[in-house]
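Chain and residue survey
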Amino acid sequence: MIERGTSTAPVDPPAGTPAKPVTTGTTRRKSVGFLGSSNGRKAVMAVTGAVLVLFLVGHMTGNLKAFFGAASFNEYANFLRTMGEPLLPYRVALTLVEVVLGACIVLHMWSAVSLARRAGKARPVKYAAKRKSQAGGYAVHTMRYGGVVILLFVIYHLLDLTFGTVNPAGWDGTPYERLVAGFAPERWWVTLFYAVAVVMVGLHLRHGLWSAFQTLGLASGRSYRPLKGAAAAISAVLVLGFLVVPVAVMSGVIK
Amino acid sequence: MNLTLKVWRQNGPQDKGRMVTYRVEDVSPDMSFLEMLDVLNERLILEGDDPIAFDHDCREGICGMCGMVINGVAHGEQVATTTCQLHMRHFEDNAVITIEPWRAAPFPVVKDLVVDRSAFDRIIQAGGFISVPAGSAPDAHSVPVKKVDADAAFDAATCIGCGACVAACPNGSASLFTAAKITHLSLLPQGQPERDSRAKAMVEQMDAEGFGGCTNTGECTAVCPKGIPLDTIAQMNRDYLRSSK
């Protein structure tokens, strides 16, 4: 019931609106739990995203080995498989990393999809006027479709350089051979696709990096500027670091 | 000034609703947006039409009753201004102005531009309170509060609960409102006893009402007539995570 003045007839709540439980300090509604709440899911997104960013930094650094020649690059690729030896058997450490990364991707997507669905339900009737963004910022509006582009890219990327399925050098080639064959000048469209995807990753991190700090409650009024600055800088470094290798191969600097 | 208004008309909660175009003439640039609608409504009444229903009370920008989405922006494009304090001089002559209610599932339309915001009341009821012994007012300085905390708490407490943050949020999230209420209490000594249970209960009530989650777009802060800062949401997240340990 909306209480109105006597001059206005009382207004009933819309039919079909369930009576909402009113909680007080003493009688608490049954908790949906941490993972059931939007804040909990955001925290999952932030933490898994942070793990994936750390992976990206390592991945980018490793890629730059391509500039030191085939031997250096292949040796590094082999090191990833022999990491932890002799304590751990061959490829065990790498497999563990892969499992953690895979779990992070799944959880990151789960929180993103469930929160996007919740957001969709929260606004069933759209605005007639085209809504203008008042906050500015382009990156934030690329997060959802950008995430889908990144997912498709990751699938292609694994088929290309990990499994060699869509790579001319194939599974039997060395990692360096797959690299050089994959980004060969006549396959310029592969490099173009990588460039689009990597820029999407950059935009994703431009918003995602500082956003994760905000979600985990680690941001405050004074830290927004440095956080957003750092997010932009790290995103730019990652985009350049990831793009320089395929572009170098395509332009013949790396053969 | 002469204006063309495209206004959302909806007879009641069950009505489907539609945009209706009105021509308003001889509008003074000194009128507030609501006064301009008053002029239109007087004409509609004289013509035997149903006047456009909209919420309003103090018309001084402090009560939080008014609010409509004007040309796609909650409270219009004027920064830190409620609809009642928005003046027609900010519009051009012969402008076409689209006026819509707040759009969010937890804010059902009651009539035309009036939405039911009692979801906010239930969020407050879930935890927006402190336990204090009733009786005479305590001495002003008996509980010391740091100046920075007092200022930040006051900034958060200026939230008038108008709902513009929800209307502007692409996710239909009530995070800025809920965060303002949580921050206002959790920065002060009086708010400490219920600090953990408050964050948990209010966040869960916010979800239960059907509001979306926050994606840190900052649209809420940008339209907030009181300029509630985005770091209140960080405070809410901090308190919520603390309560979940």
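Keep in mind that this is a model prediction, so the values were computed, not measured. (Residues numbered from 1 in each chain as written. Chains lettered and ligands numbered in written order. Predicted model: local features only at pLDDT ≥ 70, side-chain atom pairs only at ≥ 80, totals over all residues. Heavy atoms only, no water.)

The partner chain B presents 64 residues to the 58 residues of chain A that form the contact. Between Arg118(A) and Asp207(B) there is a salt bridge; the shortest N-O distance is 2.9 Å. Run the count over chain A and chain B and you get 28 residue pairs in polar contact (both at pLDDT 80 or more). Looking at the side of chain A that touches chain B, the elements with two or more residues in it are α1 (38-63), α3 (92-122) and α6 (188-215) of chain A. (Contact = heavy atoms within 4.5 Å. Salt bridge = Lys/Arg side-chain N within 4 Å of Asp/Glu carboxyl O. Polar contact = N/O pair within 3.5 Å; in protein donor to acceptor, adjacent residues only side chain to side chain. Helix = DSSP H or I, 4+ residues; strand = E, 2+ residues; numbered from the N terminus.)

Take the pairing of strand β5 (residues 96-100) of chain B next. Sheet faces and side chains relate simply in a regular strand, where the side chains alternate between the two faces. Residue and element names in this part refer to chain B. Here β5 lies mainly inside the structure; four of its five residues are buried. Across four bridges, strand β1 (residues 3-9) lies against β5 in parallel orientation. Note on β5: the bridge partner recorded for Val7 is Ile99. Direction of pairing for strand β3 (residues 69-70) relative to β5: antiparallel, over a ladder of two bridges. Pairing of Val69 across the sheet is with Glu100, part of β5. (Buried < 20%, exposed > 50% of the residue type's maximum accessible area, 1.4 Å probe, protein only. Pairing = 2+ DSSP bridges.)

Backbone torsion omega between Glu85(A) and Pro86(A) reads 5 degrees, so that peptide bond is classified as cis. With respect to the helices and strands, the residue Pro86(A) is situated in the loop between α2 (70-82) and α3.

Here we take up the packing of α1(A) against α3(A). Two numbers describe a pair of packed helices, the interaxial angle and the distance between the axes. All names here are of chain A. Packing of α1 against α3 brings their axes to within 8 Å, and their N-to-C directions diverge by 145 degrees. Read as a crossing pair, α1 and α3 show a hand that is left-handed. Touching Ser38, Arg41, Lys42, Val44, Met45, Thr48, Gly49, Val51, Leu52 and Phe55 of α1 are Val100, Leu101, Cys104, Ile105, Leu107, His108, Trp110, Ser111, Ala112, Ser114, Leu115 and Arg118, all from α3. Taken together, the residues that form the contact of α1 with α3 break down as 13 nonpolar, six polar and three charged. (Axes fitted to C-alpha atoms, helices over the stretch in contact; angles between N-to-C directions. Left-handed = near helix turned anticlockwise from the far one by under 90°. Nonpolar A, V, L, I, M, F, W, Y, C, P; charged D, E, K, R; others polar.)

Residue and element names in this part refer to chain A. Within this numbering scheme, the UniProt entry marks residues 43-68, 88-116, 137-159, 188-209 and 230-254 as carrying the feature "transmembrane region" (unreviewed entry). The distance separating the terminal C-alpha atoms of residues 88-116 is 41 Å; by composition the span is 86% helix and 0% strand. Between the C-alpha atoms that bound residues 137-159 there is a distance of 34 Å. The span itself is 74% helix and 0% strand. (UniProt positions renumbered as here; feature names shortened; annotations may be inferred.)

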